[in-house]
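# Structural features, examined
Listed below are the residues making up each chain.
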Amino acid sequence: MVRKAEKIALSGMEEGNFIKRVIMNRRKKIQLAVLGALFLILAAALAGLKIYEKNASKDADGEESYQVLQIDPSQVKEIGIINGSGTVNLVKEGERWKCLEEESADIDGESVEAFLEKASAITSDTKIEQVQDMAQYGLADAAVNVTLQWENNMYTVQLGDYNSITGSYYLRVNEQDTVYTADSSLYSFFGKSLEDFRAAGDLEDGSE
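Below, the discussion takes up the overall build of the protein. Regarding its fold elements, the protein presents four helices and 10 strands. Moving toward the C terminus, one meets the helices and strands of the protein in the order α-β-β-β-β-α-β-β-β-β-β-β-α-α. Counting only residues that meet the buried cut, the protein has 29% of its 208 residues in that class. Long-range pairs, those at least 24 residues apart, make up 57% of the contacts in the protein with a sequence separation of at least 6. Working note: accessible area of the protein is about 14,300 Å², and carbon and sulfur atoms make up 51% of it.

Right, here's the structure in full:
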């Protein structure tokens, strides 16, 4: 009877150990399944990120930007601006700039240089070539005209109508048959008057 009881007890222990092993194995399988799922999610996320970065880079590279003016600001000797504020003609003599409309005006050279630097950096995202009718872009008789001249070279820039959909102005260079779009800030940039180029001291003298 004792031996039988021992066998029963031993059998019970073995059964208990077996159940424990089964439970542990199931837990391990569940843990492995969870880890596998997390790994797949992470891999998919990384793959998606790489695809997004690749497409973003492709889009950035695919956007064309056109340099509107090919000028060296330091070489420009004459500037002419015609807009709603009137007419301004600036001429460089030596290291100083003077205004032909008001020769006594003290011109701020740094303001003129900043204007030329920005003009040389004008770019456009859109270029419309072989335009037959400039009137549809407001460039047949543009209200804003800017000329930049040096030695025997000259750039004539015309600013046309505003496109409210794209938020940009139409721009034409040297009366060519190509039309560019330009940032809306260019209107105020080309809308400068003599007062924008006066030296600070000259402004104070003029206000007295």
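This part takes up the side chain of Arg172. As for its position among the elements, Arg172 is in strand 9 (residues 168-173). Put simply, Arg172 is tucked away with no salt bridge, and the nearest opposite charge, on Glu175, sits 5.6 Å away. At 3.0 Å, the side chain of Arg172 and the backbone oxygen of Glu175 are in polar contact. Every residue in contact with Arg172, bar those within four places of it in the chain, is listed here: Met134, Leu139, Thr156, Val157, Gln158 and Thr178.

Here we come to the pairing of strand 9. Among the six residues in strand 9, six count as buried, and that is most of the element. Strand direction decides the pairing type here: strand 8 (residues 153-163) and strand 9, joined by five bridges, are antiparallel. When the bridges of strand 9 are listed, Gln158 appears paired with Arg172. Taking the residues that link successive antiparallel strands as the turn, the strand 8-strand 9 hairpin has four residues, and the phi of Gly167 there is positive, at about 70 degrees. In the sheet, strand 9 pairs with strand 10 (residues 179-183) via five bridges, with the strands oriented antiparallel. Bridging from a neighbouring strand, Leu171 pairs with Tyr180 of strand 10. Taken together, strand 9 and the strand that follows it, strand 10, pair antiparallel across an intervening segment of five residues, in which Asn174 is found at a positive phi of about 55 degrees.

A cluster of nonpolar side chains, Ile30, Leu32, Val34, Leu35, Leu38 and Ile41, forms an exposed patch at the surface whose accessible area comes to about 630 Å². Mapped onto the elements of the fold, Val34 is located in helix 1 (residues 2-62). For Val34, a relative accessible area of 46% puts it in the partly exposed group.

A word on helix 2 (residues 109-120). With 12 residues, helix 2 should reach 16 Å at 1.5 Å per residue; the first-to-last C-alpha distance of 17 Å fits that figure. Those residues of helix 2 that are buried are in contact with strand 1 (66-67), strand 2 (78-83), strand 3 (86-93), strand 4 (96-99), strand 7 (144-150) and helix 3 (185-190).

Overall, the coordinates contain five salt bridges when judged by the stated rule. Residue Glu93 pairs with Lys98 through a salt bridge whose shortest N-O separation is 3.1 Å. Taking the shortest distance from any N to any O, the salt bridge between Glu129 and Lys127 comes out at 3.7 Å. One salt-bridge network, held together by shared partners, links Glu102, Glu195 and Arg198.

Here the focus is the confidence of the model for the protein. On average, residues of the protein score 81 in pLDDT, and 71% of them are at 70 or above. With pLDDT under 50 throughout, residues 47-61 is counted as low confidence; its partners more than four residues away or in other chains account for zero contacts.

The rules behind each value
Residues numbered from 1 in each chain as written. Predicted model: local features only at pLDDT ≥ 70, side-chain atom pairs only at ≥ 80, totals over all residues. Heavy atoms only, no water. Helix = DSSP H or I, 4+ residues; strand = E, 2+ residues; numbered from the N terminus. Buried < 20%, exposed > 50% of the residue type's maximum accessible area, 1.4 Å probe, protein only. Contact = heavy atoms within 4.5 Å. Areas by Shrake-Rupley, 256 points an atom, 1.4 Å probe, with all protein chains shown as cover. Lys, Arg positive; Asp, Glu negative; His and termini not counted. Salt bridge = Lys/Arg side-chain N within 4 Å of Asp/Glu carboxyl O. Polar contact = N/O pair within 3.5 Å; in protein donor to acceptor, adjacent residues only side chain to side chain. Pairing = 2+ DSSP bridges. Patch = residues over 30% accessible without salt bridge, like charges linked within 9 Å, V, L, I, M, F, W, Y side chains within 5 Å. Expected span 1.5 Å × (residues − 1). pLDDT = per-residue confidence, 0-100.

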